[in-house]
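Each chain is listed here by its residues.
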Amino acid sequence: QVQLVESGGGLVRAGGSLRLSCAASGSIFGINDMAWYRQAPGKQRDLVARVSSGGSTNYADSVKGRFTISRDNAKNTVYLQMNSLKPEDSAVYYCKANIVVLSPRYAYEYWGQGTQVTVSS
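Residues numbered from 1 in each chain as written. Predicted model: local features only at pLDDT ≥ 70, side-chain atom pairs only at ≥ 80, totals over all residues. Heavy atoms only, no water.

Participant: What exactly am I supposed to notice about the overall build of the chain here?
Facilitator: Check the secondary structure of the chain and you find zero helices and eleven strands. Counting from the amino terminus, the chain carries its helices and strands in the arrangement β-β-β-β-β-β-β-β-β-β-β. Computed over the C-alpha atoms, the radius of gyration of the chain is 14 Å, within 12% of the 14 Å expected from 2.2 N^0.38 for a compact globule of 121 residues. C-alpha atoms of the chain, sized along the principal axes, occupy 50 × 25 × 25 Å. Split into buried and exposed, the 121 residues of the chain put 42% on the buried side. Taking contacts inside the chain between residues at least 6 apart in sequence as the whole, the part at least 24 apart equals 55%. (Helix = DSSP H or I, 4+ residues; strand = E, 2+ residues; numbered from the N terminus. Rg over C-alpha atoms; globule rule 2.2 N^0.38 Å. Buried < 20%, exposed > 50% of the residue type's maximum accessible area, 1.4 Å probe, protein only. Contact = heavy atoms within 4.5 Å.)

Participant: Sorry, what's going on with the pairing of strand β10 (residues 107-111) here?
Facilitator: Along any regular strand, the residues point their side chains to alternate faces of the sheet. Two elements, strand β9 (residues 91-101) and β10, share five bridges in a ladder whose sense is antiparallel. Within the sheet, the bridge partner assigned to I99 lies in β10 and is Y108. Here β9 folds back onto β10 in antiparallel fashion, the turn holding five residues. (Pairing = 2+ DSSP bridges.)

By themselves, these figures tell us nothing about what the structure is for.
Structure below.
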C-alpha cells in the first residue's frame, strides 16, 4: 500500500512565497515521474509542474520563472517552491506520482489528498 502526504499550503499575500512538500510512503520499489497539479473552484485540474526520475522538469506557462519543482529521491519526496504568488494561483494543489510497487512489480498512479493555497490581493 502506498500513500502520498502533502503539506505546506496556507494563506499568503500576493508576492509572497510558499513551499509545498509531498512525501510518498509504503511498499515502494521506485518512483518515476512526480508532479504537482492544481484545481480552482469550478475549473479542471491542471498540471503545474513535473519532474522525472532523472531530474528533468517542465512547467505550465503560467508559473514559469516563479515556481520550482524538485525532488529528493532518498526521501521519496517532491517539493514545489512557489515565489511571487498571485491571487490566480489560489487553488487546491495535488501531488501525483508514478510509483513502482514492490509486489507485483508494476507502476501505478497515486494522488495526494490536496492542500489549499490561498493568495490574497
